[in-house]
Amino acid sequence: MEAPDSSYVSSQDGSPKRSDQLKSSIPESGETFTHIRFLVSNSEAGSVIGKGGTTITDFQSESGARIQLSRTHELFPGTGDRIIMVSGNVEEVLNAMYLILSKLLSEMKKEGGHEVEARSRVRMIVPNGSCGGLIGKGGSNIKSLIEASGAGIKISPLDANYYRLSDRLLMITGSLDEQMEAIKLVLHKLLEDPHYPHYVNVPFSYAAAYGPNFGPNGARGQFPNNKDDQNNSSVTIGIPDDHIGLVLGRGGRNITEISQVSGARIKISDRGDFISGTNERKVTITGSQRAIRTAEDMIMQKVNSVSEGMN
């Protein structure tokens, strides 16, 4: 079941409840807002949603977390798999993960009977920038995570076939208890990265960057690349000089995110280089028409956030 006007499938229930059983089985972890993204097959996505959306609604109500699911055509690059994002405080996220993974394991046992292995696999999506902290010097951190959880943990390399892709897959193999312990430890490690919480704003950015056919059957090598794409064009817009900081973000974070999500190349004119007769800096956006539109929309959202906050 998919919401017709949303990129996500989620419940509108405004009064979530926690499962006392889950609360006792997973340690409490404070009120820090966070999220986890991981991959599921299309059939697994159907199991999580349930008939008429009942299962996903129940899981949200029980855990207190928000559970969002990419549409059928929004796949992680190089795979045929959809993306689930679970967000909330740490305890809520872990409770929801337990419910989801328990459900998927139950379905696997129904289909495979006694042949289903006790050690299944979870593939989390983690930002490349956070992987250094997870791995540690000489692999020391990831070794500690493996020893503490009893699970197998492996981080995939970046896929060079996908231009601007900055996410990697972290694979956790083990029993349900081992997976949950590993997920908890990995999540706490991710929270040590001050940039990690910001990725909650771009959970399913791949469709905008790569178009609808970026799965395993997509045309590799034909993604937005300003050196190779002969259909690229450029648009220049004006942004008030005192709002350029919003577009750039601290350390250039915002403009990097916009470029990553849209697939466009963005160039901002130097200080004092204004559009004639104005105090507006030139922002030149280069890419496909779709990439340009996406980038322009995201830029204007950043700029408009100031005026909205003043009203």
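Residues numbered from 1 in each chain as written. Predicted model: local features only at pLDDT ≥ 70, side-chain atom pairs only at ≥ 80, totals over all residues. Heavy atoms only, no water.

The name that an unreviewed UniProt entry assigns to the protein is K Homology domain-containing protein, with the source organism given as Kalanchoe fedtschenkoi.

Q: Honestly, the overall build of the protein in this entry has me stumped. Any pointers?
A: For the protein, the count of helices and strands is 11 helices and 9 strands. By residue count, 47% of the 311 residues in the protein fall in the buried class. Surface exposure of the protein reaches about 15,700 Å², of which carbon and sulfur atoms provide 47%. (Helix = DSSP H or I, 4+ residues; strand = E, 2+ residues; numbered from the N terminus. Buried < 20%, exposed > 50% of the residue type's maximum accessible area, 1.4 Å probe, protein only. Areas by Shrake-Rupley, 256 points an atom, 1.4 Å probe, with all protein chains shown as cover.)

Q: Sorry if this is basic, but what is going on with the packing of helix α5 (residues 128-135) against helix α7 (residues 176-190) here?
A: Helix packing for two helices is described by the angle between their axes and how far apart those axes are. Orientation of α5 relative to α7, taken along the N-to-C sense of each, is 115°, at an axis distance of 9 Å. In terms of orientation, α5 lies roughly perpendicular with respect to α7. The way α5 lies across α7 gives a crossing that is right-handed. Counted together, Ser130, Gly133 and Leu134 of α5 and Val186, Lys189 and Leu190 of α7 form the full contact between these two elements. Here the contact of α5 with α7 is built from residues that sort into 3 nonpolar, 2 polar and 1 charged. (Axes fitted to C-alpha atoms, helices over the stretch in contact; angles between N-to-C directions. Parallel < 35°, antiparallel > 145°, perpendicular 65-115°, else oblique. Left-handed = near helix turned anticlockwise from the far one by under 90°. Contact = heavy atoms within 4.5 Å. Nonpolar A, V, L, I, M, F, W, Y, C, P; charged D, E, K, R; others polar.)

Q: Sorry, what's going on with the sheet that holds strand β7 (residues 233-240) here?
A: By definition, the strands of a sheet pair up through backbone hydrogen bonds, in either a parallel or an antiparallel sense. Taken together, 3 strands build an open sheet; the order of strands is β7-β9-β8 and the sheet is antiparallel. Looking at strand neighbours, the two that pair on one side only are β7 and β8 (265-268), the edges of this open sheet. Taking each pair of neighbouring strands and ignoring which way they run, the sheet shows an average axis angle of 20°. (Pairing = 2+ DSSP bridges.)

Q: Just checking my understanding: could you explain the packing of α5 against helix α6 (residues 140-149) for this structure?
A: Taken N-terminus to C-terminus, the directions of α5 and α6 make an angle of 70°; their axes are 5 Å apart at the nearest point. With respect to their mutual orientation, α5 and α6 come out roughly perpendicular. Along the contact surface, α5 presents Gly133, Leu134 and Ile135, while α6 presents Ser140, Asn141, Ile142 and Leu145. By residue class, the composition of the contact of α5 with α6 is 4 nonpolar, 3 polar and no charged.

Q: What is the right way to look at the pattern of salt bridges in this model?
A: Opposite charge on two side chains lets them pair, provided their charged atoms get close. Under the criterion given, the structure shown has 7 salt bridges. Note that Asp81 and Arg123 form a salt bridge whose closest N and O atoms lie 2.8 Å from each other. Linking Asp81 in the loop between β2 (66-69) and β3 (82-89) with Arg123 in strand β4 (residues 120-127), this pair joins segments that are 42 residues apart in sequence. The two residues Asp81 and Arg123 agree in class, both being buried. Across the pair Asp241 and Arg281 runs a salt bridge whose closest N-O atoms are separated by 2.7 Å. Within this pair, whereas Asp241 is found in the loop between β7 and α9 (244-248), its partner Arg281 is found in strand β9 (residues 280-287), the two being separated by 40 residues in sequence. For Asp241, a relative accessible area of 32% puts it in the partly exposed group. (Salt bridge = Lys/Arg side-chain N within 4 Å of Asp/Glu carboxyl O.)

Q: In this structure, what is going on with the confidence of the model for the protein? I would like to understand it.
A: Per-residue pLDDT for the protein has a mean of 77; in total, 73% of the residues score no lower than 70. This model gives residues 1-29 a pLDDT under 50, and the stretch forms 69 contacts once residues within four places in sequence are excluded. Under a pLDDT of 50 for its full length, residues 307-311 has, in the predicted model, 0 contacts with residues more than four places off or in other chains. (pLDDT = per-residue confidence, 0-100.)

Q: Hey, could you run me through the sheet that holds β4 in this one?
A: The antiparallel open sheet is built from 6 strands, whose spatial order is β2-β3-β1-β4-β6-β5. At either margin of the open sheet sits one strand with a lone partner, and together these are β2 and β5 (152-155). Taking each pair of neighbouring strands and ignoring which way they run, the sheet shows an average axis angle of 25°. In terms of strand pairing, β5 meets strand β6 (residues 167-174) through 4 bridges, oriented antiparallel. By the bridge assignment, Gly152 is partnered in β6 with Thr173. Seen against the sheet, helix α2 (residues 42-49) touches β1 (33-40), β2 and β3 and runs at an angle of roughly 40° to β3.

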